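Residue-level listing of the chains:
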Amino acid sequence: MTKLTILTASAALLYPTLSMGADTTSQSVASPDGRNVITFSLSADGKPSYSVLRDGKSVIANSPLGFTERNKVNLSSGYRLDNVDRASKDETWTQPWGENKQMREHYNEMSVRLRNKQSDLTLRFRSFDDGVGFRYEYDVPKTDSLFIMDELTRFDLSNDGESWSIPASAETYELLYRAQPISAIENANTPMTFKTSDGVYGSIHEAALYDFPEMTLSNVGGTSFKATLTPWPDGVMARKGNSFSTSWRTLQLGDRAVDLINSGLILNLNEPCVLESTDWIEPMKYVGVWWGMHTGVESWVMGDRHGATTENTKRYIDFAAANGIRGVLVEGWNDGWQNWGGNQIFDYTRPFDDFDIDEVVRYAAERGVTLIGHHETGGNVPFYEKHMDDAYQWYKEHGVDNVKTGYAGGFPHGHSHHGQYGVRHYQKVLELAASKQMTINAHEPIKDTGIRRTWPNMMSREGARGMEWNAWSEGNPPSHHVTLPFTRLLSGPMDYTPGTFDILLENTRTSPLFRHWNGDPNVRARVNTTLAKQLANWVILYSPVQMASDLVEHYEEHPAFQFFRDYDADCDWSKAIDGEPGEFIVVARRADDTFYLGAATNEKSRSVNVSLDFLEPHRVYKAVIYADAPDTDWLTNPTSYVIEERIVTAADTLPVVMAAGGGQAVTFKKIR
Ligand code: NOJ
Ligand code: CA
C-alpha cells in the first residue's frame, strides 16, 4: 500500500487564511481520521505559534514557537507567510526487527514557509491518528554559524490532569517516576505522559534527534511547559551552521493509556533505514557475567573474585548453549576497570590476563553462541573517541559483533550526557559500528527518539532505572515496571535486564564472597517483585536483545525458566491490551506462530480478564501459564509460583490473577 500525494499552493489560493482575530493568520492540518488537528498561527508581528485540538476540544492552547540566537539573528518573529505546502502519505514499511515488523505510516502534512529579514523558516507539521509532530527547518543565508541560546517552543496544555514523568536532568534518566498532577510538575524529562481531566491520554517527546541537544520540559505556570535545551559548558544550547532542522517535537494522543504504547508515531517520524543490508542484525536473548558484580560477589577488576575469567565465561556459554540462548555478555574483561571512577582510562584492546578472548570466542562459536562485547567508558568520551576506531576493529577481528556501551561517570570538561556534544558522540559510535556491521546497546545513553528506524543497528539502550538498582539500592518499586511501558518505553526498547529469580538476593548477600561496593551499606537490597512478574517483564519491557539477568546457577532446576527458553526476542507483532500508568499492564506479542503474554501489577493485587481474541481464529493453542501462587506477595513471599496448562482458542477469556507486586506470563503454542 503506497500513496503519496503532494499539493503545493500559495497560501492565499487553495487554503484561504482563517481568521483568528484582527491580524492573525492561521492554517490547520487534520489527521487522516480527522480527530487530531494542529493549527499554525502567525501573529500581527510575525510570531509563529501552534495549537492542538482533539475531537474539537483543546489539548494544547496557542503556544509560541521559535528560538533565540546569540548574535541576535531573529529566529522567532517578524515573519510573513510565504506559502503552505500540503502532502499526505499512507505507506506500509517493514522493519528488520521491532515490536511490530509491519508499520503503517499514515499522515497529513502541512509545511508552512515563513520569511523574515534574516531567515527562512519552514515549520513542518504532521498529523497522525495517534498524535502530531512538528519540526523547524531554518535557512539563514547571510550567516556562517548560529549559536542557539534558547528554544521558545511551549506546550501549553489546556487542562490539568494526572502525569507520569521523571525530573529533567542533563546527566541521567536513572530516576524514580513521579505520579502527580500535571500542574505540579516543575520540570520533566520526556516522554512526559499525562491524562487530562477530560480523559485524553498524551505524551510529549521528540523524534529523530541528531546533532542537537535533548529537550526537557520546564513548567512556566499552571499547565504550561517550555522546551528547555541542555547547554554546552559555555551556555550555548546548540551550535549549528546556517541551515538546520530540529528533531520533531511530538505529542502522542490516545483514548486509552495503551493507545500510547501501540502508537507508531515516534518511528514514523524517523527517516527510512540507511543501511544497505540488515540481515546481519539479529535480535537475541542473552545471559551474562554481570549480576555477580552488581550484587557484590564478583568483581569487574582482576583478582580472586574476578567475574570475566575464561573459565567462568565458558560456564555461561555452556548454559546459553544448553538453553537456546544466543548471546553471552562479558563485563570486566579488559584492562582499566581499576580506573573506573578514577581517571576513567580503559584499554579496549587489552584483555585482562585471565580472560583469553580467542579461546572464549572459539568455544562460543563451536556451540552456536556469540559473545556480546562491553565498552565501559566511565564517561570519558574524549578518550573513547580517540580509541574507538581501533576498539571496534579489534572486536570485529575477534568475532564480536554486538557491543554494549556504558557511560557510568560524568563527561569531562563540563559537557553533559544529554547536550549536543553527547548527542553527537552517541551517533558517532552508532555510525562507526554500522560501518563494521556491528550493533549497539547503550547504557547511560541519550534518550531514544526512534532512530532505530534509520539505524537498526541501534538495538537497545538503558535510559531509566534498570535491574542493577535492585542490587545496591532501595531498588525499583513495584509501580516502576508498570510505569515504564507508558513513559520510557514509548521512546523505544529498553535493556532493563529482567529475570532475577533470587528475588531476595539470598544467595549473594549471604555469600562469603559478598563485598559491599555501592550505595548505602545499611540498605538491604532485594528485587521488589514476585518471581512471576520477573517472567512477565521479559514480555512487557520490550528489548530486541533480552537478558536473563541472574547468575545462571539460579536458573538451574527452576521450572519457571522454561518461559525464557520458549521466549523469542525476535517478535513480529505486539499489542498492549490493557493497563493504566503506575497501576498495571497487559501486553501480548507474537513471534512466528507462538504468542506471549505478560501482565504485571503495582503494589496492589489485581485480577484482569484478558480476551484472547489476538490469537489466530479457529486455531487451538496450548497455554502454559506462569502465575503467582495464592499465597504469593512481593513483600512477604515473592518466589512462590504455579505453572498451569490450558487448551484455549481466540474465543476464550483468560482470568489473569496477580499477587501484590506480581504478574503473570503465558506462552501460547499452536497445536492445531
Ligand atoms: C552501568 C550499566 O547500566 C551496567 O549495566 C553496567 O554493568 C555498569 N554500568 C558497569 O559498566
Ligand atoms: Ca545504568
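In this convention, every chain numbers its residues from 1, walking through the sequence in written order. The order in which chains are written sets their letters, starting at A; the order in which ligands are written sets their numbers, starting at 1. Confidence filtering applies because this is a predicted model: local features only for residues at pLDDT of at least 70, side-chain atom pairs given and counted only at 80 or more, and all residues used for totals across whole chains, interfaces and linings. Hydrogens and water are ignored here; the side-chain numbers use all heavy atoms of the structure.

Topic: the nonpolar core
Then, in step 1: What makes a nonpolar core is a set of buried Ala, Val, Leu, Ile, Met, Phe, Trp, Tyr and Cys residues whose side-chain atoms join them at distances within 4.5 Å. Only protein chains enter the accessibility calculation, which uses a 1.4 Å probe; a residue whose area is less than 20% of its type maximum is buried, one above 50% is exposed, and one in between is partly exposed. Within the largest apolar cluster, 167 residues are counted, with the highest numbers of intra-cluster contacts made by F125 and Y392.
Then, in step 2: All domain edges in this entry derive from an automatic or database-based domain assignment. In terms of domain composition, this core takes at least three residues from each of domain 1 (11-268) and domain 2 (594-670).
Then, in step 3: Residues in contact with F125, not counting those within four places in the same chain, are V29, I38, F40, Y50, L65, N108, E109, M110, V112, G133 and F134.
Then, in step 4: Listed in part, the 23 residues of the second largest apolar core include L597, A627, A650 and M658. Here, two residues are considered to be in contact whenever any of their heavy atoms come within 4.5 Å of each other.

Some details on the domain arrangement of the protein
Then, in step 1: According to the domain assignment, the protein contains domain 1 (11-268) and domain 2 (594-670).
Then, in step 2: Computed from C-alpha atoms alone, the centre-to-centre distance between domain 1 and domain 2 is 39 Å.

Topic: the pattern of salt bridges
Then, in step 1: Whenever Lys or Arg places a side-chain nitrogen within 4 Å of a carboxyl oxygen from Asp or Glu, that contact is recorded as a salt bridge. Considering all chains together, one arrives at 48 salt bridges under this definition.
Then, in step 2: The partner of E151 in a salt bridge is R249, and the shortest N-O contact between them spans 2.7 Å. Here the residue E151 occupies a position in strand β12 (residues 145-151), and R249 occupies one in strand β23 (residues 248-254), the gap between them amounting to 98 residues.
Then, in step 3: Taking the relative accessible area as the measure of exposure, E151 reaches 0% and is therefore buried.
Then, in step 4: For K314, the salt bridge goes to E359, with nearest N and O atoms at 2.7 Å. With K314 in helix α4 (residues 310-322) and E359 in helix α5 (residues 357-366), the pair connects residues that are 45 residues apart, well separated along the chain.
Then, in step 5: Beyond isolated ion pairs, a larger network of salt bridges with shared partners links K314, D318, E359, R362, E366 and R367. Starting at the N terminus, helices and strands are each numbered in turn, a helix being any DSSP run of H or I of at least four residues and a strand any DSSP run of E of at least two.

Considerations on the coordination of the calcium ion (ligand 2)
Then, in step 1: Sites may look incomplete, because water is not among the atoms used; the donor set itself consists of N, O and S atoms within 2.8 Å of the metal (3.2 Å for Na, K and Ca). At 2.2 to 3.1 Å from the calcium ion (ligand 2) lie its protein donor atoms, namely E174 (OE), E174 (OE), E444 (OE), E462 (OE), E462 (OE) and E468 (OE).
Then, in step 2: Every donor residue of the calcium ion (ligand 2) comes from the same chain, spaced as E-x269-E-x17-E-x5-E. You can see E174 sitting in the loop between β14 (161-165) and β15 (178-181) and its partner E468 sitting in the loop between β29 (458-461) and α8 (469-472), a full 294 residues away along the chain.
Then, in step 3: Residue classification places E174 among the buried residues on the basis of a relative accessible area of 11%.

Here we look at α5
Then, in step 1: For α5, the set of buried residues is I357, V360, V361, Y363 and A364. Around the axis of α5, the buried residues are gathered within 165° of arc, so they sit on the same side. Of the exposed residues in α5, those oriented more than 90 degrees away from the buried face are A365 and E366.
Then, in step 2: Of the surrounding secondary structure, the elements contacted by the buried residues of α5 are α4, β26 (370-376) and α6 (381-397).
Then, in step 3: Positive phi shows up at G368, right after α5, with a value of about 70°. Working note: the arc is built from the helix axis to C-beta atom directions.

Remarks on the environment of P559
Then, in step 1: Looking at the secondary structure, you find P559 in the loop between β30 (545-547) and α12 (562-566).
Then, in step 2: For the pair P559 and Y641, spaced 82 residues apart in sequence, the C-alpha to C-alpha distance is 10.0 Å.
Then, in step 3: Sequence-distant contacts of P559, defined by excluding residues within four places in its chain, comprise Y626, Y641 and I643.

Side note on the sheet that holds strand β19 (residues 215-219)
Then, in step 1: The 4 strands lie next to each other as β13-β20-β19-β16, forming an open sheet whose pairing is antiparallel. Looking at which strands have only one partner, the edges of the open sheet turn out to be β13 (154-156) and β16 (187-188).
Then, in step 2: Alignment of β19 against strand β20 (residues 224-229), held across 5 bridges, turns out to be antiparallel. Opposite M215, over in β20, you have L229 as the bridge partner. For two strands to be treated as a pair, DSSP must find at least two bridges joining them.

Quick look at the packing of aromatic side chains
Then, in step 1: Two rings from Phe, Tyr or Trp (for Trp, the six-membered ring) form a pair when their centres sit within 6.5 Å of each other. Planes less than 30 degrees apart are called stacked, planes more than 60 degrees apart edge-to-face, and all others tilted. Applying the stated rule across the entire model yields 51 aromatic pairs.
Then, in step 2: Ring centres of W300 and W340 lie 5.1 Å apart, and the angle between their planes is 75°; this geometry places the pair in the edge-to-face category. Separated by 40 residues along the polypeptide, W300 in the loop between α3 (291-295) and α4 and W340 in the loop between β25 (327-330) and α5 bring together distant segments of the chain.
Then, in step 3: Given the relative accessible area of 7%, W300 is considered buried.
Then, in step 4: Ring geometry for Y384 against Y392: centres 6.4 Å apart, planes inclined by 55°, an arrangement best described as tilted.
Then, in step 5: Accessibility expressed as a relative area gives 0% for Y384, which makes it buried.
Then, in step 6: Of the residues examined, Y392 reaches a relative accessible area of 0% and is grouped as buried.
Then, in step 7: A cation over an aromatic ring shows up here: R70 above the ring of F147, its NZ or CZ 4.1 Å from the ring centre.
Then, in step 8: By definition, being over a ring means that NZ of Lys or CZ of Arg is both within 6 Å of the ring centre and within 35 degrees of the ring normal. Positioned above the aromatic ring of W93, the side-chain terminus of R453 is 3.8 Å from the ring centre.

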